[in-house]
Amino acid sequence: MASMELTEQGSNSGGGGDAPVVDATPAFPPLSSTYSNVDDNHYVKMEDGDANDQIEKSNSHNSQPLSIANSVMTAEGLADPIGFLIICCVVLIGDMNRGVVFPIMWPLVQELGGDAVWLGYVVGAFSFGRIIASPTLGKWSIEFGYSKTLVGSTTTMLIACLMFAQVYRVNSLYYLLFTQIMLGVGSATLGVTRAFVAEITATRQRTVYIALLTAVQYGGFTVTPLFGALLMYALQDNRYEVGFIVIDQYSAAAYFMALLSAATLAVLMTKFQNRNRTKPTKRKASSRTSERDELADRTMFCGITVYDAALLGCMLLNVSTKGSIGSFETLGISFAQSHFNLEPETAGMIVSANGMIGVIALLSMGQLGKYFTDIQMIVGGMTVCAVGIISFSALQSVEDGADNATWKYFLGIFMIYGVGYPIGHTAVIGLFSKIVGRRAQGTLQGWFASAGSLARILFPIMSGYIAQFDDITTVFKVLFGILALSNFFVAVSSPTLTALST
């Protein structure tokens, strides 16, 4: 393909003119796009195929597959709006499998004879499934395309939902662990979906669209506990049998998720446009890009490059932020019961309400990005989250005679779920994607997602042991220390991270 030059039509310095276009079609992805082979200076654009992965159209004279560069769009928009919406559906149901069961998980573990330690293992099992599957799915998205990868993972999720619906009947904690792992495997597509979004967006717009994707993900596991709480409330002490299907307060959520998974699978198989990789003409890097690459290739005192160190640092930030929220996912309900005397349904609704606020915060990332850099949003978000966490550490339990006001629980959850985590963590994701830059994002985003899943394994288990053998408030002090240390790393590394992400 001959290289094409960008031209401005009717543009002005104020940006009020028409969007930049290429003689016949818009030039996209830009130089800072993502897909490449081993050579960082070679870009790979994605070609569109139909839903059945047929790239070439029969009986077409001199036909060529459509590519992102041939899509009707501007450099400020999306190359595949329909694909983006379908990707959002995949992300939503993936994290709904975590969110909808949030209010019922602790009562279910207790019914099966488990304690806080078992709860930590059960919550961690979901992330264990993600961590073992994320790198593989990321690699498959490059080798086989997004369509086949997502259809396979969503099918696994559907089967896992049906298995989870039988947990109470099987009456085994080990079976619950297994189904949680399977759900994790089926929903281990965060790296794949983020790579897709990175591929169809310009670098300057990437944080905004990743924020939209993260808003969907965040709503999946923070807002949807409302559905689990309502189902639990409606079916409490009730049981309905329809043939071999038994619907009760523990299985209703799973059947609900199975229906959503089946609907998403149908959309993927009929509407999602597959993408395949081709290698276009090599382009000359700008002087700014050359300077950034020179910085990235420098070797540090520890023997690794600055680029590798920055990626590792972002993964560790992912661990600290996701680990903190994972601990609350594990102990949030039991803490609400022991220190505020709240029912699981009430606590679930409080988390959902603040999750909705968090979604609004994520939808405002585009506006926030006009006034703050990714680094500033990371530091600010983690600081608010840390303050919310430490606010719980001085509270006494109901058993010790404390009468803690419910507004204190709401305020702390607001700082964590409503402001701190959504803004800080989303900025980490955007920073990581910008640092990766031209390189193939599928595999790296898979490892990034695995780092977050690792945190959701280690932190819940750690929190369960600390709560069981010491005190739950000790967990909050540990989490505060981890977030404070993470903020220190960001502050020290700010010049380098900024240089690599611009």
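Parameters and conventions
- Residues numbered from 1 in each chain as written.
- Predicted model: local features only at pLDDT ≥ 70, side-chain atom pairs only at ≥ 80, totals over all residues.
- Heavy atoms only, no water.
- Helix = DSSP H or I, 4+ residues; strand = E, 2+ residues; numbered from the N terminus.
- Buried < 20%, exposed > 50% of the residue type's maximum accessible area, 1.4 Å probe, protein only.
- Areas by Shrake-Rupley, 256 points an atom, 1.4 Å probe, with all protein chains shown as cover.
- Salt bridge = Lys/Arg side-chain N within 4 Å of Asp/Glu carboxyl O.
- Axes fitted to C-alpha atoms, helices over the stretch in contact; angles between N-to-C directions.
- Parallel < 35°, antiparallel > 145°, perpendicular 65-115°, else oblique.
- Left-handed = near helix turned anticlockwise from the far one by under 90°.
- Nonpolar A, V, L, I, M, F, W, Y, C, P; charged D, E, K, R; others polar.
- Contact = heavy atoms within 4.5 Å.
- Phe/Tyr/Trp six-rings, centres within 6.5 Å; stacked < 30°, edge-to-face > 60°.
- Disulfide = S-S within 2.5 Å.
- Polar contact = N/O pair within 3.5 Å; in protein donor to acceptor, adjacent residues only side chain to side chain.
- Expected span 1.5 Å × (residues − 1).
- pLDDT = per-residue confidence, 0-100.
- Core = buried A, V, L, I, M, F, W, Y, C linked by side-chain atoms within 4.5 Å.
- Patch = residues over 30% accessible without salt bridge, like charges linked within 9 Å, V, L, I, M, F, W, Y side chains within 5 Å.
- Lys, Arg positive; Asp, Glu negative; His and termini not counted.
- Charge placed at Lys NZ, Arg CZ, Asp CG, Glu CD.

Asks: I'd like a description of the overall build of the protein chain, backed by residues and values.
Replies: A tally of helices and strands in the protein chain yields 18 helices and six strands. The buried share among the 502 residues of the protein chain stands at 56%. Carbon and sulfur atoms make up 61% of the accessible area of the protein chain, which totals about 20900 Å².

Asks: Summarise the pattern of salt bridges; cite the residues concerned and give the values.
Replies: Summed over the entire model, instances satisfying the criterion amount to five salt bridges. Close ionic contact of Asp374 with Lys434 constitutes a salt bridge, the shortest N to O distance being 3.1 Å. Residue Asp374 is found in helix H15 (residues 374-390), and its partner Lys434 is found in helix H16 (residues 406-436); the two are separated by 60 residues along the sequence. Considered together, Asp374 and Lys434 belong to a single accessibility category, that of buried residues. Through salt bridges with shared partners, a single ionic network connects Asp95, Arg98 and Arg130.

Asks: Can you explain the packing of H15 against H16? Please cite residues and give values.
Replies: Where H15 meets H16, the axes come as close as 7 Å, and the angle between the chain directions of the two elements is 150°. Between H15 and H16, the angle is such that the two are roughly antiparallel. For H15 against H16, the interelement crossing comes out left-handed. Across the contact of H15 with H16, the residue classes tally to 16 nonpolar, six polar and two charged.

Asks: Run through the side chain of Thr473, naming residues and quoting values.
Replies: Its place among the elements puts Thr473 in helix H18 (residues 472-501). Look past the residues within four positions of Thr473 in its chain and what remains in contact with it is His339, Phe392, Ser393 and Leu395.

Asks: Let's hear about the packing of aromatic side chains: which residues, and what values?
Replies: Scanning the model with the defined rule gives 18 aromatic pairs in all. Taking 6.3 Å as the distance between ring centres and 85° as the angle between the ring planes, the aromatic pair formed by Tyr121 and Tyr465 counts as edge-to-face. Taken together, the residues span a long stretch of sequence, with Tyr121 in helix H3 (residues 116-143) and Tyr465 in helix H17 (residues 441-469) at a distance of 344 residues. We classify Tyr121 as partly exposed; its relative accessible area is 34%. For Tyr465, a relative accessible area of 37% corresponds to the partly exposed category. Plain terms: the ring middles of Phe392 and Phe476 are 5.7 Å apart, the flat faces sit at 50° to each other, and that makes the pair tilted. Placement of Phe392 in the loop between H15 and H16 and of Phe476 in helix H18 is noted, with a sequence separation of 84 residues between them. The pair formed by Phe392 and Phe476 is uniform in burial state, with each residue classed as buried. Grouped by ring-pair contacts, the aromatic residues Phe335, Phe340, Phe392, Tyr409 and Phe476 constitute a single cluster.

Asks: Tell me about the environment of Gly424, and please be specific about residues and values.
Replies: Looking at the secondary structure, you find Gly424 in helix H16. Since its relative accessible area comes to 1%, Gly424 is described here as buried.

Asks: With reference to specific residues and values, describe the state of the cysteines.
Replies: What the rule picks out here adds up to zero disulfides. Cys89 provides the cysteine sulfur closest to Cys88, a residue in no disulfide bond, and the two sulfurs are 7.1 Å apart. In this structure Cys88 comes out as buried when scored by relative accessible area, which is 11%.

Asks: How would you explain the side chain of Gln180 if you had to name every residue and give the values?
Replies: On the secondary structure map, Gln180 appears in helix H6 (residues 173-186). Polar side-chain contacts of Gln180 include one of 3.2 Å to the backbone oxygen of Val122. Contacts of Gln180, omitting those with residues within four sequence positions, involve Met105, Val122, Val123, Ala125, Phe126 and Phe164.

Asks: Would you mind going over the packing of helix H1 (residues 81-99) against H3 in detail, with residue names and values included?
Replies: Contact geometry of H1 with H3 gives a least axis separation of 10 Å together with a crossing angle of 155°. By the angle between their axes, H1 is roughly antiparallel relative to H3. Read as a crossing pair, H1 and H3 show a hand that is right-handed. For the pair H1 and H3, the contacting residues are Gly94, Asp95, Asn97 and Arg98 in the first and Phe126, Ser127 and Arg130 in the second. Within the contact of H1 with H3, the residues separate by chemical class into one nonpolar, three polar and three charged.

Asks: Would you mind going over helix H10 (residues 252-271) in detail, with residue names and values included?
Replies: Owing to its 3.6 residues per turn, the α-helix aligns residues three or four sequence positions apart on the same side. Over its 20 residues, H10 extends 29 Å from the first C-alpha to the last, a length consistent with the 28 Å expected when each residue adds 1.5 Å. Those residues of H10 not exposed but buried are Ala252, Ala253, Ala254, Tyr255, Met257, Ala258, Ser261, Thr264, Leu265 and Leu268. On its buried face, H10 sits against H1, helix H2 (102-111), helix H4 (146-164), helix H9 (225-235) and strand E5 (245-247).

Asks: Can you tell me about the confidence of the model for the protein chain, naming the residues and giving the values?
Replies: Summary statistics for the protein chain give a mean pLDDT of 78 and a share of 79% for residues scoring 70 or more. Between residues 1-75, whose pLDDT stays under 50, and residues either more than four places distant or in other chains, the model counts 159 contacts. Confidence over residues 277-281 falls short of pLDDT 50; this stretch has 19 contacts with residues more than four positions distant or in other chains.

Asks: Just give me the short version of the nonpolar core, but keep the residues and values in it.
Replies: Judged by nonpolar contacts, the single largest core of 126 residues is most densely connected at Phe164, Leu176, Phe328, Phe392, Tyr409 and Ile435. Here this core takes 15 residues from helix H12 (residues 306-340), the largest share from any one element. Not counting chain neighbours up to four residues away, the residues in contact with Tyr409 comprise Gly332, Phe335, Ala336, Phe340, Leu342, Ala347, Ile350, Val351 and Phe392.

Asks: For a negative patch on the surface, give the residues involved together with the corresponding values.
Replies: On the surface, Glu399, Asp400, Asp470 and Asp471 cluster together into a negatively charged patch. Position of Asp471 relative to the elements: it lies in the loop between H17 and H18. The class of Asp471 is partly exposed, set by a relative accessible area of 31%.

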